[in-house]
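Spelled out, the chains give:
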Amino acid sequence: MGTGSKSSHQSYAVSPTAIAEAPAAPLDLAGAPAAGEGADLTGAAVGGAGGPEFEVQALPAPDEEAPPAEQDVDWDLLLSPDALIADMESEEELPEVSAEPEVAVAEGDPQDGIEEQLAEEAVLLQAEDIEEVQEEAEEETDPPLTPVPAAPPVGEPTGTPILVGGDDFINSEATLVAYDSPDGPREVLLTHISEEAEEKLLDALSIPGTHMEEVEVEEEVKERLALDKEKKLAEMTKTAVSSVQQKLKTGAEMSDASIAKHQAAVDAVSAVLSNPSISDDEKAMAQHYMDQLDLVKDKIDNGGAPMPWMDAYEVSEMKMVTKQIPVPDGEPEPGTLAATVRKASRIKANLDPETGQTSWDGVTRSSANGTEYEIDMGDGWKAVYRPYKENDPKKTEFSLRGQLEVHAPAGTGHGKDLVERLEQLHLMNKPMTASEGEWTYLSNNIQAQGLEGSAGMGAAMETAQGLQDLQVQEIVHQRMESLMGLDSGALQTAMKRIHLEAAHKVLPMKVEVVRDAVAKASGFASGADLAASPGYEPTPSTSGKWLTWSRFDVTGKKAEIQGAFKGRSLTHGLHGGALASLLGTGVLASTEKRAVMGIGGGVGMSEQADKMTGGANSVFLRVKKTPSQPGGGMLIWDDPSVLMQRSDYYAYNGDHFGAINPEHHNYNANAITRDPMKIANFSGSSNEVMFRNGIDLFGSEAPSRIVCHTAAERSTILASLTSRGITQLGGKPVEDVLCTANDYNS
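Residues numbered from 1 in each chain as written. Predicted model: local features only at pLDDT ≥ 70, side-chain atom pairs only at ≥ 80, totals over all residues. Heavy atoms only, no water.

Asks: Looking at this model, I keep getting lost on the overall build of the protein chain. Mind explaining?
Replies: If you tally the helices and strands in the protein chain, you get 24 helices and 23 strands. Per-residue burial for the protein chain yields a buried fraction of 47% across its 746 residues. Counted over contacts in the protein chain with a minimum sequence separation of 6, partners at least 24 positions apart contribute 76%. Summing over all exposed atoms, the protein chain offers an accessible surface of approximately 34700 Å²; the carbon and sulfur share of this is 50%. (Helix = DSSP H or I, 4+ residues; strand = E, 2+ residues; numbered from the N terminus. Buried < 20%, exposed > 50% of the residue type's maximum accessible area, 1.4 Å probe, protein only. Contact = heavy atoms within 4.5 Å. Areas by Shrake-Rupley, 256 points an atom, 1.4 Å probe, with all protein chains shown as cover.)

So, in structure tokens, the structure goes:
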């Protein structure tokens, strides 16, 4: 675990006191509210005057005497696993939680210990069977938006896109790729977890060097002299320097206040220098400050350039200090996965230009600038994760932060297991259903439309989290008897499952709350009105190689967007000769996507710089006056609304290398925009519009024109598309989309 202690488990467990009977059930969360009942959940969230508020069942305070039916459970400690474990272990009078279980087994019949273990395993197996039946029933009534294939197609470079429930992953996206290899298919799940979910993942790991212990060591330390601290000479001198420095930077006249601050410092330092009893160190210290003040005096009288930075006077000495140092070979904590820290890397796959198939031997990797964890998941399974915390955005590749790979053993048929194995990393591990998909849709629209700070949005999010916490209580209540029979390790595992299950179950209710807040923030009377509007499409586009979510402020106003872009197009220019290769894969892919597809580097204009800015996770297009004489190697979207309906783009009216890294000098929070109306009016010749992951060139997002360099190139590409059964692009015949530069110059 990240801290070497169990404190970070606190979000995963429940702490009942010893009980003889099951407690009274908390608030019933069995079903989501029906249409028209959302006001009961959202009144408080959206801050509507006079509206009904969402009421959470009051829980007794720790010192308050609870009613007889509820006094057995300490709900105030509901989310504390360590409290539960300690509480259970301390109740010596309970036969099922003996204070000395090992002694009891040793002195009694050994068979008793075996029977207890079998009983505990039976409880867990029974819970798993119940969950499996529940999942099958849920799948029948609310099937996955993207069913998980048992075996993703081998060698398909773009893999199979899927959606995972919850919000642990950016856009809820993951991709299953089956690389061809001599040892059989190498099936891998690729995804990008959100920064907010990282703590859950790190909680599942035992990372070398993060177990700490205190030691006393002697080391050189630098400190100010006691006389300096007593007389505050450094503080007074710095005050004088700062006051005059400000005038020098702005060219303003020296004020009486600045002069007075300088004089006060001079008086204090002079008093020390004139004391004959000071030591040599103290005299050197005072002279250091006087030299600084002499320079300040010169600047007051004569002005000039700003002064160098002033350091306080310090002396070095050896001292014994207590420090925490990492224990490199600390034993992994029970229930965690062993992780190895290493230099960041990427899968080094190979795309065959003749067959269009991608292959990887399961071992070869290319180096990257950053840090990653290799995680042993047991039974030949492993994962690779590039943490946010360990990759400084000032020094490492911003685009790799949060990337996660889950690797199955060599062979086929691991598709569903790859998703289920996410549970080992404390991440959501169920395919997203339609009811859950609306949560991701709303989240994406909140960001795309800039609704985060809207009135009521923060309260709605807090209410949504409260619903999830209450769902945990509901599940714990239902399973209290079996939970009380588990040891600490099994209890931790069970509680992590409960939190994942609660997040899965409560999402439809959270949607009700947030939809209403989004509706009011965007001008709709209610969540029901928003859901009934023509632009509201809470399912992703799954027709092509990518999964993309739309934004209702564009899909509901398509004619308005088209009018704003009248006479303007979105374009992407290619290097010579790359067009046939591009259309061989059928996608315009980002730098990061190209890497895992097996497409070598050097394809993009600024790949390494884009990795540092974060732009490597997107493809770049440009807003231009609709080209009447386009050059070869050009992709043109004459109707930009086709792409503007996506919710994952952002743009600059200038060349910023697609920067989303706030620590990079190319990032500009004031210049970045997601507003399609502003983008339509871009005038900068080097403007850029970034779309996450890429664009499916054969699906609904296909360009309206693909300009070939020559007629021969057009014929070659046309033959290739025809051989693959591709006869239309974006609803138009391929022959009408493919053209040459000469078609516009003749």
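That covers the picture; the talk isn't over yet.
Asks: Can you help me understand the environment of isoleucine 599 in this one?
Replies: Mapped onto the elements of the fold, isoleucine 599 is located in the loop between α19 (591-597) and α20 (607-613). Distance in space between the C-alpha atoms of isoleucine 599 and aspartate 352 is 9.0 Å, their sequence separation being 247 residues. Sequence-distant contacts of isoleucine 599, defined by excluding residues within four places in its chain, comprise Leu351, Thr585 and Arg594.

Asks: How should the nonpolar core be read in this particular structure?
Replies: Across soluble globular proteins, you tend to see nonpolar side chains buried next to one another. The biggest cluster of nonpolar side chains holds 36 residues, and the ones touching the most others in it are Met644 and Phe691. One finds Leu202, Ala204, Leu404 and Leu500 within the second-largest nonpolar core, a separate group that totals 34 residues. (Core = buried A, V, L, I, M, F, W, Y, C linked by side-chain atoms within 4.5 Å.)

Asks: Even after reading the chapter, I still don't get the side chain of glutamate 198, so can you show me in this structure?
Replies: In this structure, glutamate 198 sits in helix α5 (residues 198-203). For the buried glutamate 198, which has no salt bridge, the nearest side chain bearing the opposite charge is lysine 389, at an N-O separation of 5.5 Å. A distance of 2.6 Å separates the side chain of glutamate 198 from the backbone nitrogen of tyrosine 388, its partner in a polar contact. Non-local contacts of glutamate 198, meaning those with residues more than four positions away in its chain, are made with Ile193, Tyr385, Pro387, Tyr388 and Lys389. (Lys, Arg positive; Asp, Glu negative; His and termini not counted. Salt bridge = Lys/Arg side-chain N within 4 Å of Asp/Glu carboxyl O. Polar contact = N/O pair within 3.5 Å; in protein donor to acceptor, adjacent residues only side chain to side chain.)

Asks: How should I be thinking about the packing of aromatic side chains in this particular structure?
Replies: What describes a pair of aromatic rings is the distance from one ring centre to the other and the angle between the planes of the rings. Counted according to the given criterion, the structure contains five aromatic pairs. Relative to tyrosine 536, the ring of tyrosine 441 lies with its centre 5.0 Å away and its plane at 90°, an arrangement referred to as edge-to-face. Taken together, the positions of tyrosine 441 in helix α11 (residues 434-448) and tyrosine 536 in the loop between α15 (527-532) and α16 (552-555) put the pair 95 residues apart, joining distant regions of the chain. Classification of tyrosine 536 by relative accessible area gives buried; the value is 8%. Among the aromatic residues, ring-to-ring pairing joins Tyr441, Phe524, Tyr536 and Phe552 into one connected group. Here the guanidinium or amino end of lysine 510 rests over the ring plane of tryptophan 439, the centre of that ring lying 4.6 Å away. (Phe/Tyr/Trp six-rings, centres within 6.5 Å; stacked < 30°, edge-to-face > 60°. Lys NZ or Arg CZ within 6 Å of the ring centre and 35° of its normal.)

Asks: Explain the pattern of salt bridges here, please?
Replies: A side chain of one charge can pair with a side chain of the opposite charge if their charged atoms are brought near each other. According to the stated counting rule, one finds 27 salt bridges in the structure shown. In this structure, arginine 342 engages glutamate 372 in a salt bridge whose closest nitrogen and oxygen atoms are separated by 2.7 Å. Taken together, the residues span a long stretch of sequence, with arginine 342 in strand β7 (residues 337-347) and glutamate 372 in strand β10 (residues 365-378) at a distance of 30 residues. Here the salt bridges share partners, and the residues they tie into one network are Arg342, Arg365, Glu372, Glu374, Lys382, Arg386 and Glu405.

Asks: When you look at the sheet that holds strand β16 (residues 634-637) in this model, what are you seeing that I'm missing?
Replies: Sheets are built from strands that pair by backbone hydrogen bonding, the pairs being arranged parallel or antiparallel. Pairing is mixed across the open sheet formed by seven strands, whose spatial order is β17-β18-β15-β13-β16-β20-β23. Lying at the two open borders of the sheet, with one neighbouring strand each, are β17 (650-652) and β23 (738-740). Within this sheet the neighbouring strands show an average axis-to-axis angle of 30°, counted without direction. In this sheet, β23 lies alongside strand β20 (residues 705-708) in parallel orientation, the contact comprising three bridges. Within β23, the position partnered with valine 707 by the bridge is cysteine 739. (Pairing = 2+ DSSP bridges. Axes fitted to C-alpha atoms, helices over the stretch in contact; angles between N-to-C directions.)

Asks: Which parts of the structure should I look at to understand the pairing of strand β2 (residues 169-179)?
Replies: Both faces of the sheet carry side chains from a regular strand, because those side chains alternate between them. Buried residues dominate β2, accounting for ten of its eleven residues. Summarising the sheet, strand β1 (residues 160-163) and β2 pair through four bridges and their orientation is antiparallel. Each bridged residue has a counterpart across the sheet, and for leucine 163 the counterpart in β2 is glutamate 173. In sequence, β1 turns back onto β2 through a hairpin of five residues, with glycine 166 there showing a positive phi of about 85°. Where β2 folds back on strand β3 (residues 186-193), the antiparallel hairpin that results is connected by six residues, among which glycine 184 adopts a positive phi of roughly 105°.

Asks: What is the right way to look at the packing of α11 against helix α14 (residues 488-521) in this model?
Replies: Helix-helix packing: each pair is described by the crossing angle between the helix axes and the interaxial distance. Two elements in contact, α11 and α14, have axes separated by 8 Å at closest approach and are oriented at 40°. Considering their axes alone, α11 and α14 lie oblique with respect to each other. Where α11 crosses over α14, the handedness of that crossing is left-handed. Seen from α11, the contacting residues are Ser435, Glu436, Glu438, Trp439, Leu442 and Ile446; seen from α14, they are His504, Leu507, Pro508, Lys510, Val511, Val514, Arg515 and Val518. Considering only residue class, the contact of α11 with α14 consists of eight nonpolar, two polar and four charged. (Parallel < 35°, antiparallel > 145°, perpendicular 65-115°, else oblique. Left-handed = near helix turned anticlockwise from the far one by under 90°. Nonpolar A, V, L, I, M, F, W, Y, C, P; charged D, E, K, R; others polar.)

Asks: Please explain the sheet that holds β3 as it appears in this structure.
Replies: Taken together, the eight strands give an open sheet; going across it, the order is β1-β2-β3-β12-β11-β10-β7-β4, and neighbouring strands pair in mixed fashion. Because the sheet does not close on itself, it has two edges, and the strands there are β1 and β4 (205-206). Taken together, the four bridges between strand β11 (residues 381-385) and strand β12 (residues 403-407) define a ladder with antiparallel strand orientation. Pairing of tyrosine 385 across the sheet is with leucine 404, part of β12.

Asks: What is the right way to look at α14 in this model?
Replies: Each turn of an α-helix holds 3.6 residues, which means side chains three or four residues apart point in the same direction. Relative to the 50 Å expected for 34 residues at 1.5 Å per residue, α14 spans 46 Å between its end C-alpha atoms, a close match to the ideal helical length. Considering bend angle alone, the principal kink of α14 is centred on leucine 507 and spans about 50°; proline proline 508 follows within four residues of it. Burial within α14 is extensive, with 26 of its 34 residues counted as buried. Here α14 starts with a cap whose side-chain oxygen sits 2.8 Å from the backbone nitrogen of alanine 490, and that cap is aspartate 487. At the exit of α14 stands glycine 523, carrying a positive phi of roughly 95°. (Expected span 1.5 Å × (residues − 1). Bend = angle between axes of the 7 residues up to and from the residue.)

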